[in-house]
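# What the coordinates show
Each chain, letter by letter, is given below.
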Amino acid sequence: MNEYEVTVFIGKLDLASTFDDVYIKLVGSDESPRVQIPRKWIPSVKETELHLIIPCPKFLGTLVLVELQKQNRFEDSWHPVKVEVKSPEGRIYHFPVYHWITDNEVHYFREGTALTVFEDKCSVDGYSREEEVKQMKNVYCWDVYKDGIPQCLKADGLKSLPYDICFSFTKYAEMTYTATTGLIELELIQIAECEKKFTCMEDISRLSHVHQSVTSKYVYNHWKEDAFFGYQFLNGTNPILIRRCTALPDNFPVTDKMIFPDGQHNLTDEMMKGNIFLCDYKLLDGVDANTINGEQQFLMAPLVLLQKTNDDKLMPIAIQLKQKAEQGNPIFLPTDSEYDWMLAKIFVRSADFNLFELNAHLLRTHLLGEVFAMSVFRNLPMVHPLYKLLIPHTRYTLNINFLARKLLISKNGVFTQFTASGGEGVFTILKKSLFSLTYSSLCIPDDIAERGLKDVPNFHYRDDGLKLWDIIHRFVKGTLSFYYKTDGEVEQDSELQAWIKDIFQNGFLSLESTGIPQKFTTVDEMVKFVTMVIFTCSAQHSAVNSGQYDFGAWMPNSPTSLQLPPPTEKGIANEKTMLDSFPSVNTTVHGLAVMWLLSKQSSDCVLLGQYPEMRFTEEFPLQKITDFQEELKKLSADIKARNSRLDLPYIYLDPDVVENSVSL
């Protein structure tokens, strides 16, 4: 009799064990008997392993998969994470599972060696790669939430989401608690329904005194300063807009006399030297602003001109608040009155909030992260090396996006109710943003080069981002090159090609103008795209998400909406004009609560480079993971050392805070 020593590992999650009867079968060139795991081995909440011996009359040969089945007596769920088998000759087999089993069907789990479609010789009755993918496509179906934006997971409600992509009990409880008690934690609950305007700056300051960070304190103390206004285009929540200016747009008629009245500089020379930069909010042009508390709101589409000074500061030198150059749309200058200039900057900061939330944050990380995840689930079997590589970067993304559609941008969502772009404006901006998006803008080395920002000083987002990109690229290239030796193998992998095709068609809506690949023809093409996917879901999301409360807690620095139109002439703005322009009390309070919620990591977050789920089992990819972790550890130390020398540390791309996936 051949005896196989089997260990079934149960997930360290709440409710991961089961009261139902569970069965296991080993499959190689022959099959073991179907064996029930004895009731006494069903673990309590604290136990994590089940041990049993499976006697077989025949040697099973090389094991290729295990079958697991749960008989629904109590109709609860079960979450095995892996199965390890020691064969009679002493060979250890690893079978990654990491799957919630909720029905009484037979579930097949392959041995852990990653295999592309052309390497896989597995032939077992009842199982095939094609059938696995077909079943997953029935679970993960595309849906059109709104025409003109990336498609999403079809789900009727929170309970209809597939178990495997749902929040853990810990994550759900913590997020629910924060959402429910956020206004209490921020000590704002008593004024959450107050629709009044602010009458003095002191009242605004009372809203942000709780839970101050190093950054939020700095913002409070420096928000009026031109140097900090310029700094935020590089290292704030929206570092993807600014670009070097080599020629003024026709609709921005700035003159030398306006910006260099002393005659010591001229615009042409400064542009030739690379000292002039432009931020153009044209994607907001024509967007119908929201109505809040029965009052019309105002959202501008500004143009901002900035100059790099000799002391390496980025200073605003001209602001035009509407796209069309005409009478009643003055170009504001630092030499204008205090409140003319301050109000112009406030309109820019409000525009920046609305554009960054919808373009840089929602579209370019959340919605694209969902597209990448959906295509993984729909096209790649669990044994595929790309599935194993990318699955950590899909964690919680489909769940958080479902909640965002339900609670933030829906008809009664918080974003709809309390931002200038809420309502149809959201989808207008998302559509315009998608149609203007390019593949190169998602790849930070290409993006920085195209925007002419390679040598801009004090650009920490760029410095840390490029280093992270390189580290991720080396990891991806090293791992995937182990499985794809030639370009031909990439071209011949039908599952890989289906993955990128699904992304192009349903995520980027077959827009060839985006430059998104429709297929892969080389190893390098595949490696670059996969690097972009991981960078987008981890680093880029951290860069645009994690600082929301830091930069927005002091409302005048990041108003979610404005209640007065911009001045049509200079010399009339005063403190009351500014206060009347600010969003109402309740609008401000609910905006702060959302930014607070979206900036809080859960206690079960998984950081970039951490792999609690060991999907790979071969020595080579495991060594690549170790190398990856060492590089991230060194980068984190370097960033901390750099930050110790800065008045305002840039922390958002430190690997110690970057999550593996879009989960907030």
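Computed from a prediction, not measured in an experiment: that's the story for all the values here. (Residues numbered from 1 in each chain as written. Predicted model: local features only at pLDDT ≥ 70, side-chain atom pairs only at ≥ 80, totals over all residues. Heavy atoms only, no water.)

Quick look at the overall build of the protein now. Scanning the protein from terminus to terminus reveals 22 helices and 17 strands. For the protein, whose C-alpha radius of gyration is 27 Å, the value lies close to the compact-globule estimate of 26 Å for 664 residues. Here the protein holds 664 residues, and the buried ones make up 58% of them. For the protein, long-range pairs separated by at least 24 residues make up 74% of all intrachain contacts whose partners lie at least 6 apart in sequence. Summed over all atoms, the accessible surface of the protein reaches about 27500 Å², with 50% contributed by carbon and sulfur. (Helix = DSSP H or I, 4+ residues; strand = E, 2+ residues; numbered from the N terminus. Rg over C-alpha atoms; globule rule 2.2 N^0.38 Å. Buried < 20%, exposed > 50% of the residue type's maximum accessible area, 1.4 Å probe, protein only. Contact = heavy atoms within 4.5 Å. Areas by Shrake-Rupley, 256 points an atom, 1.4 Å probe, with all protein chains shown as cover.)

For any two helices packed against each other, the geometry is given by the interaxial angle and the distance between the axes. It is at 10 Å that the axes of helix α8 (residues 338–379) and helix α18 (residues 523–545) come closest, and there the two elements cross at 140°. When the interaxial angle is binned, α8 and α18 end up oblique. The handedness of the crossing between α8 and α18 is left-handed. Contact with α8, carried on its side by Phe 356, Ala 360, His 361, Arg 364, Thr 365, His 366, Gly 369 and Phe 372, involves Phe 529, Met 532, Val 533, Thr 536, Cys 537, Gln 540, His 541, Val 544 and Asn 545 of α18 and no other residues of that element. The class makeup of the residues in the contact of α8 with α18 is eight nonpolar, eight polar and one charged. (Axes fitted to C-alpha atoms, helices over the stretch in contact; angles between N-to-C directions. Parallel < 35°, antiparallel > 145°, perpendicular 65-115°, else oblique. Left-handed = near helix turned anticlockwise from the far one by under 90°. Nonpolar A, V, L, I, M, F, W, Y, C, P; charged D, E, K, R; others polar.)

Structurally, the protein comprises domain 1 (2–112) and domain 2 (359–550 + 597–644). Computed from C-alpha coordinates alone, the two centres of domain 1 and domain 2 are separated by 34 Å. In this assembly, domain 1 packs against domain 2 so that about 700 Å² is buried in total across both faces, 59% of it on carbon and sulfur atoms. If you sort the residues of domain 1 by the area they bury against domain 2, Pro 96, Tyr 98 and Gly 112 come out on top, with a joint share of 65%. Viewed at the interface, domain 2 and domain 1 are joined by three residue pairs in polar contact (both at pLDDT 80 or more). When contributions to the side of domain 1 that touches domain 2 are tallied by element, the ones reaching two or more residues are β7 (92–96) and β8 (106–110). Class assignment of the residues belonging to the side of domain 1 that touches domain 2 gives a composition of four nonpolar, two polar and two charged. (Domains from an automatic or database assignment. Buried area = accessible area lost by both parts, 1.4 Å probe. Polar contact = N/O pair within 3.5 Å; in protein donor to acceptor, adjacent residues only side chain to side chain.)

Under the local residue numbering, the UniProt record ascribes the feature "binding site: Fe cation" (unreviewed entry) to His 361, His 366 and His 541. The greatest C-alpha distance among the residues just named is 7.8 Å, despite their covering 181 residues of sequence, which places them together in space. Along the chain, His 361 turns up in helix α8. Secondary-structure assignment places His 541 in helix α18. Overall, the relative accessible area of 6% leaves His 541 in the buried class. Other than its neighbours up to four places away in sequence, His 541 contacts His 361, Thr 365, His 366, Thr 536, Ser 546, Ser 661, Val 662, Ser 663 and Leu 664. (UniProt positions renumbered as here; feature names shortened; annotations may be inferred.)

As for its placement among the helices and strands, Arg 451 is situated in the loop between α14 (444–450) and α15 (460–483). A distance of 2.7 Å separates a polar atom in the side chain of Arg 451 from the backbone oxygen of Ile 242.

Right, let's get into the packing of helix α1 (residues 129–139) against α8. Running from N to C, α1 and α8 point in directions that differ by 135°, and their axes come no closer than 7 Å. The angle between the axes of α1 and α8 places the two elements in the oblique class. Here Val 133, Met 136 and Lys 137 of α1 lie close against α8, whose contacting residues are Phe 377, Arg 378 and Asn 379.

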